[in-house]
Structure formats: structure tokens, C-alpha cells
Amino acid sequence: GATFFDWNTQPDGSGTSYSNGETFDFGSSVVLYAIWSRAYHTVTFAENDNIADSVYATQTENATTALTFLSTLSPQFVDTGHTFVDWNTQPDGSGTSYSDGVSYDFGAAVVLYAVWLALPVATASFNAHSGTGNISSINDPFGTSVLLPSSGGFSNPGYTFVGWNTAANGSGFAYGEGATFILNADQIFYAQWTPNQYVVTFEPDGGSVNPNSSNYVYGSAALLLPTPTSANFIFDGWYSETSDGTLVGLAGAMYAPGQSITLYAQWTPVPLITVNFEANGGSGTPASIN
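Notes on the structure follow.

Conventions we followed
Residues numbered from 1 in each chain as written. Predicted model: local features only at pLDDT ≥ 70, side-chain atom pairs only at ≥ 80, totals over all residues. Heavy atoms only, no water. Helix = DSSP H or I, 4+ residues; strand = E, 2+ residues; numbered from the N terminus. Rg over C-alpha atoms; globule rule 2.2 N^0.38 Å. Buried < 20%, exposed > 50% of the residue type's maximum accessible area, 1.4 Å probe, protein only. Contact = heavy atoms within 4.5 Å. Areas by Shrake-Rupley, 256 points an atom, 1.4 Å probe, with all protein chains shown as cover. Core = buried A, V, L, I, M, F, W, Y, C linked by side-chain atoms within 4.5 Å. Pairing = 2+ DSSP bridges. Axes fitted to C-alpha atoms, helices over the stretch in contact; angles between N-to-C directions.

Helix and strand content of the protein: zero helices and 26 strands. Relative to its length of 290 residues, the protein is extended, with a C-alpha radius of gyration of 46 Å against a globular reference of 19 Å. Each of the three principal axes of the protein carries a C-alpha extent, and together these read 180 × 35 × 35 Å. Within the protein, buried positions represent 29% of all 290 residues. Looking at the protein alone, contacts between residues at least 24 apart form 56% of all its contacts between residues at least 6 apart. For the protein, the exposed surface amounts to about 17300 Å²; the carbon and sulfur share of it is 51%.

Quick look at the structure:
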């Protein structure tokens, strides 16, 4: 595996050199050491992610040298969901093995295939916890950093999503949507909800009302609709519109809103009664009273 270079009075080539066939005076005894020049050979590293993997890197030397570490190869070698074991002269690992960074004599060219071991997989699953809908689970190898999703696949009318928790009752570890979580074991994340707060505004339409608005927390006891007043008008009820619309309730009715809303009082005028005065034989025309 080497080529003759010349002769030298020192084994390492640091003495006096003599070329091959050179004339020597034989005036004294001498030991001449053959100096050899080894040929350069290339080690080809194959990523070996799959049978069609075309990612390669090379290292060329002519003397015993440490193999390039996997972590410093260019391009970078990666097999998602696997961990590197060692190098092997066969893609299936049935040939000669070489550990990462071991010394190699570079006496011959060789292809070394990365041997990978599949990592165990953990699952992050998502529970609507009183809501409805579906969010797909995340399945990744142990130690993988995953981003927790938003609540987009869940719904819970009257409630707002406020994050995830590892316990259904919120006593575990809390995480916001988009938070990073390291999967080291299977984990269920429970959606956490807070009841919505709505404001009901009462518009008396020329009359007066107390209170003129009420706050309502979804799921709590229903509100008592107030009684407005307006001189010479009869209250017809609280409606969704200033005219026509949908009757929400009469005064004193219970009401549980599903959103912030303005309710409008609608009125019927009190009928006018006219009192006329007749002189009855006298004179004059007294004014009527309405």
C-alpha cells in the first residue's frame, strides 16, 4: 500500500537521503532505511437514512488518522426519529463496524454506512374537557420538542379557551397554546376554559330604567329583567330591536344571555279619554279635557 520514495540514514527520513541506484563510496558502513510514501485513500461516509439516500461526505488521508466525527460532517447527517450507533461497511450493519471518531489507517478506500437505531415514540394527546371537537395527537420520538397546538379544533359555547393543563381540574402543569413541550413519555393535555362575561345594556327608548346595564357570567344564575317607566306609555317588553324584533322578556322575567347584547324597551301609548262639557241650556263652550 505504499510507494518507495528514497533511502535515508534515519528510519523517519530525517537523516541523509540517497536516491535509488545512487553511487556510494563505501568509505564506511551505513544502514540505509527505505522511505515509503503511502498512497492517499478516501473514506466515503453514507448517511444511510434509507435505500435511496444520496447524502455523502468524504475524508481523504495517506496515514492513520481519526475518522471525522458524525457531528462535524458536512453536509450534516440526520435520521429523524433515530440515534446514531456506529459506522459499518454494509448498509444493514452486517459488515465491519467502526465507532465514531476511531482511528483508521487509510490503507484502502472504503464506504462506511451510518447505522441508526430507532428511538421509542411518545404521544401527546389533547382532551376537549367539557368542550367538543377533535385535535390530532402528536407522535414523536422520546426527547422531541413539540409545539402545543391552539384550541382551533375544539369548541365550548359560552367559554373561552385559556390554555392546556396536564390535569383535567387544572391542578397540573399549565401550558399556553404554542408552548414548547419535551416528549419524554405519553402525555394527555386537557383544555382549560373560563366562562365568558357578557354585558346586557337596557335601552329604555325615552323612558327610564334602573339599572341601565347588568353583567352576566355564563353559567351563573339568570338575570332579572328590570321594569322601565315612561309617562303615558305602557311597557310591552324588552326586545332585540328598537321596533319589531324578537321579544326577549317582560319586566321581571329571567334572562340568561349568550352574548353581550342591547335590549330595547317597546311601548304602547296609554289611550286618551276626552271629557267634553255641555252648557245644557247655558251659554259658552268650556274646553275639553284629554
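Below, the discussion takes up the nonpolar core. Counting residues in hydrophobic clusters, the biggest one holds 16 residues, and the most contacted among them are V43, F45, L67, F77, W87 and L112. Among the elements that line this core, the one with the most residues is strand β10 (residues 110–118), at four residues. Discounting chain neighbours no more than four positions away, the residues touching V43 are A57, T58, Q59, L67, Y104, F106, V110 and L112. Core analysis: the next-biggest nonpolar cluster, separate from the first, contains 15 residues, A124, F126, L183 and A191 among them.

To continue, consider the sheet that holds strand β1 (residues 2–8). Two modes of strand pairing occur in sheets, parallel and antiparallel, and in both the strands are linked by backbone hydrogen bonds. Spatially, β2-β1-β3 is the arrangement adopted by the three strands of the open sheet, whose pairing is antiparallel. In the strand order of this sheet, the two ends are held by β2 (17–18) and β3 (33–38), each with one partner. Relative to β3, β1 runs antiparallel, the two sharing six bridges. Its bridge partner lying in β3, A2 is registered against R38.

What follows deals with the pairing of strand β4 (residues 41–46). Of all six residues making up β4, five are buried, and the element is well covered by its neighbours. The sheet contact formed by β4 and strand β5 (residues 56–61) spans six bridges and is antiparallel. Each residue of the ladder has a partner; that of V43, found in β5, is Q59. Of the pairings in the sheet, the one linking β4 to β10 comprises four bridges and is parallel in character. Bridge pairing in β10 links T44 to V111.

Here we come to the sheet that holds strand β21 (residues 213–217). Strand order in the open sheet formed by five strands is β21-β20-β26-β23-β24, with mixed pairing between adjacent strands. A single partner strand is all that each edge strand has here, and the edge strands are β21 and β24 (247–249). Across the sheet, the axes of successive neighbouring strands diverge by a mean angle of 40°, strand direction being ignored.

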